[in-house]
Amino acid sequence: MKKIGILTGGGDCPGLNAVIRAVAKSASLKYNYEVIGIEDGFDGLVLPNKTRVLTPREVRGILPIGGTILGTSNRANPFEYRITNNIKVEVRDVSKEIIKNIEFLGLAALVVIGGDGSLKIAYELFKMGCPIVGVPKTIDNDILATDVTFGFNTAVQTATDALDRLHTTAESHHRIMVVEVMGRYVGWIALETGVGGGADVILIPEIPFDIVKVCKKINDRKKSGSKSSIVVVSEGAKPIGGELSVMGSAEKGGSAERLGGIANKVGAEIAKCTEMEVRVTVLGHLQRGGTPNAFDRILSTRFGVAVVDLIANKQLGEMVCLKGQKIESVSLSEVIKGQKKVPTEEGLVKAAESIGINFGR
Ligand code: F6P
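Residues numbered from 1 in each chain as written. Predicted model: local features only at pLDDT ≥ 70, side-chain atom pairs only at ≥ 80, totals over all residues. Heavy atoms only, no water.

> Explain the UniProt feature "binding site: ATP" (unreviewed entry) in the protein to me, please; I cannot follow it from the model alone.
Under the local residue numbering, the UniProt record ascribes the feature "binding site: ATP" (unreviewed entry) to Gly11, Arg75, Ala76, Gly115, Asp116, Gly117 and Ser118. Taking the farthest pair of C-alpha atoms as the criterion, the annotated set spanning 108 residues converges on one region, since that pair is 13.8 Å apart. From the list above, the largest pocket is lined by Gly11, Arg75, Ala76, Gly115, Asp116, Gly117 and Ser118. Among the secondary structure elements, Gly117 is positioned in helix H3 (residues 116–127). Judged by its relative accessible area of 7%, Ser118 falls in the buried class. (UniProt positions renumbered as here; feature names shortened; annotations may be inferred. 1 Å grid on protein atoms, 1.4 Å probe; cavity = no way out; pocket = protein on both sides within 12 Å on 5 of 7 lines; lining within 4 Å. Helix = DSSP H or I, 4+ residues; strand = E, 2+ residues; numbered from the N terminus. Buried < 20%, exposed > 50% of the residue type's maximum accessible area, 1.4 Å probe, protein only.)

So, in structure tokens, the structure goes:
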């Protein structure tokens, strides 16, 4: 019986378990493969006793559950793997050990469900001869070559629900609510949440903002009788000529800086230029946790089935993706070329501007 491995890398997001379930079920039912679940991302291929067989029975009931039953790690980069001995930290390249472990486990292929960081690692390992296929995952929706990633839709729904709640309290108190959403260096979550939740201002990384224009929009609204305003700020937004708001450098082996704090800065600036009270809400990891919505469950299931088909068709080094209504695949070499940014002169940004939403430009 052919064996395939599966791991989830990087930050979790709603829909991971739905992919794991679909892989375990279709591998077994359609191809009679055995699926080995690898725990805690690439950690599970470095440390001992971190694998388990995933039969269809094992994945029963996990479709609606948030997070990942396999656990994840956004610190386990095999090319810069941190080993802590007491307080001493050693950084080593363990990629060759990982490849040996994949051989030792007898895996004909490894499914990596990950965001840009994990997919870059996957591509590097593939180039070294590792039989890898990818599934794109992130609430940020920043992965090239797929129209959308699973997890994004649920995150937007969660943030939109939060905006609905903030509207009523803002209106009662005649306040301005500034809401910070995730998204790292792209503004997809902010844009869709802002439009879906009826925001008045949306600030995204792709459009550096002018705070004077934001204040004017808010003051104009007040003059025309609006009792409150909602400002959605993407964590990666920055003022024209200004810097990103970073909460701290990569912690304990994390590969990326931690963004955050821009909403407080924007809130403070708005407080100076209006007479209204300002309150700031940071949604944070609420956007990542919890049950996936129907859209993400379905997309995750389609991705899970398709990635097993890639293995069966020997399309190693590829990632499943959504193009329009169809599930397709693309070489990992294409995926790692950059990030998918929000287009600023077409589509939803322009539609939003047509209904008076301000982007600080
Ligand atoms: O990439 C997903 C994401 O949730 C980003 O939107 C956010 O900046 C980051 O991960 C937070 O990472 P952590 O869970 O390490 O704080």
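Structure shown, so let's carry the discussion forward.
> I would appreciate a short explanation of the packing of aromatic side chains in the present structure.
Note on aromatic pairs: each is described by the distance of the centres and the angle between the planes. Inspection of every chain in the model, using the stated rule, returns 2 aromatic pairs. Aromatic pair Tyr31 and Tyr33: ring centres 5.3 Å apart, planes at 20°, arrangement stacked. We note Lys340 situated over the ring of Trp188; from NZ or CZ to the ring centre the distance is 5.5 Å. (Phe/Tyr/Trp six-rings, centres within 6.5 Å; stacked < 30°, edge-to-face > 60°. Lys NZ or Arg CZ within 6 Å of the ring centre and 35° of its normal.)

> Explain the confidence of the model for the protein here, please?
Close inspection of predicted coordinates is inappropriate in any region flagged by low pLDDT. Considering every residue of the protein, the mean pLDDT works out to 96; 98% of them sit at 70 or more. Taking the mean pLDDT of every element in the protein, the minimum, 86, falls on strand E4 (residues 81–85) and the maximum, 99, on strand E9 (residues 201–203). (pLDDT = per-residue confidence, 0-100.)

> Can you help me understand helix H4 (residues 152–173) in this one?
Within an α-helix, residues lying three or four positions from one another point in the same direction, as the helix has 3.6 residues per turn. Along its 22 residues, H4 runs 31 Å from first to last C-alpha, staying within 8% of the 32 Å computed at 1.5 Å per residue. Every buried residue of H4 is accounted for by Phe152, Thr154, Ala155, Val156, Ala159, Thr160, Ala162, Leu163, Leu166 and Ala170. (Expected span 1.5 Å × (residues − 1).)

> Is there a simple way to explain the site of the ligand in this structure?
What surrounds the ligand is the set Asn74, Ile139, Asp140, Met182, Gly183, Arg184, Glu235, His285 and Arg288. Between the ligand and Asp140 there is a distance of 2.6 Å, counted from an oxygen atom to a side-chain nitrogen or oxygen. Starting from 400 Å² of accessible surface for the ligand in isolation, the protein chains cover 80%. Taken atom by atom, the bulk of the ligand overlaps the largest pocket. A per-class count over the shell around the ligand returns 2 nonpolar, 3 polar and 4 charged. For the shell around the ligand, the domains that each give at least three residues are domain 1 (3–150 + 292–335) and domain 2 (155–288). (Near = heavy atom within 4 Å. Polar contact = N/O pair within 3.5 Å; in protein donor to acceptor, adjacent residues only side chain to side chain. Areas by Shrake-Rupley, 256 points an atom, 1.4 Å probe, with all protein chains shown as cover. Sits in = over half its atoms within 2 Å of the grid points. Nonpolar A, V, L, I, M, F, W, Y, C, P; charged D, E, K, R; others polar. Domains from an automatic or database assignment.)

> Sorry, what's going on with the packing of H4 against helix H5 (residues 188–196) here?
A pair of packed helices can be characterised by two numbers: the angle between their axes and the separation between those axes. Look at H4 against H5: their axes get within 9 Å of each other, and the N-to-C directions meet at 45°. When the interaxial angle is binned, H4 and H5 end up oblique. The two elements H4 and H5 cross, and the hand of that crossing is right-handed. In contact with Phe152, Ala155, Val156, Ala159, Thr160 and Leu163 of H4, H5 contributes Trp188, Ile189, Glu192, Thr193, Gly194 and Gly196. Across the contact of H4 with H5, the residue classes tally to 7 nonpolar, 4 polar and 1 charged. (Axes fitted to C-alpha atoms, helices over the stretch in contact; angles between N-to-C directions. Parallel < 35°, antiparallel > 145°, perpendicular 65-115°, else oblique. Left-handed = near helix turned anticlockwise from the far one by under 90°. Contact = heavy atoms within 4.5 Å.)

> Explain the layout of surface pockets here, please?
Take a probe with the size of a water molecule and roll it over the atoms, and the empty space left behind shows itself. Estimates place the volume of the largest pocket at around 1200 Å³. Lining the largest pocket are 48 residues; nearest its centre among them are Gly11, Asn74, Arg184, Ala256 and Arg288. At the level of secondary structure, the elements contributing two or more residues to the lining of the largest pocket comprise H3, strand E8 (175–181) and strand E12 (258–259). Looking at the lining of the largest pocket, the element that brings in the most residues is H3, giving 5 residues. Here the lining of the largest pocket is composed, by residue class, of 13 nonpolar, 21 polar and 14 charged. The residues that make up the lining of the largest pocket include at least three from each of domain 1 (3–150 + 292–335) and domain 2 (155–288). (Points joined across faces, edges and corners; volume = space filled by probe spheres on them.)

> Looking at this structure, how should I read the sheet that holds E8?
The strands making up a sheet associate through backbone hydrogen bonding, with each pair oriented either parallel or antiparallel. One open sheet accounts for 4 strands, arranged E9-E10-E8-E13; its pairing is parallel. Whereas interior strands pair on both sides, the edge strands pair on one side only; in this sheet they are E9 and strand E13 (277–282). Recorded for the sheet is a direction-independent mean angle of 15° between the axes of neighbouring strands. Bridge count for E8 against strand E10 (residues 229–234) is 6 bridges, and the pairing is parallel. If you follow Val181 over to E10, its bridge partner there is Ser234. (Pairing = 2+ DSSP bridges.)

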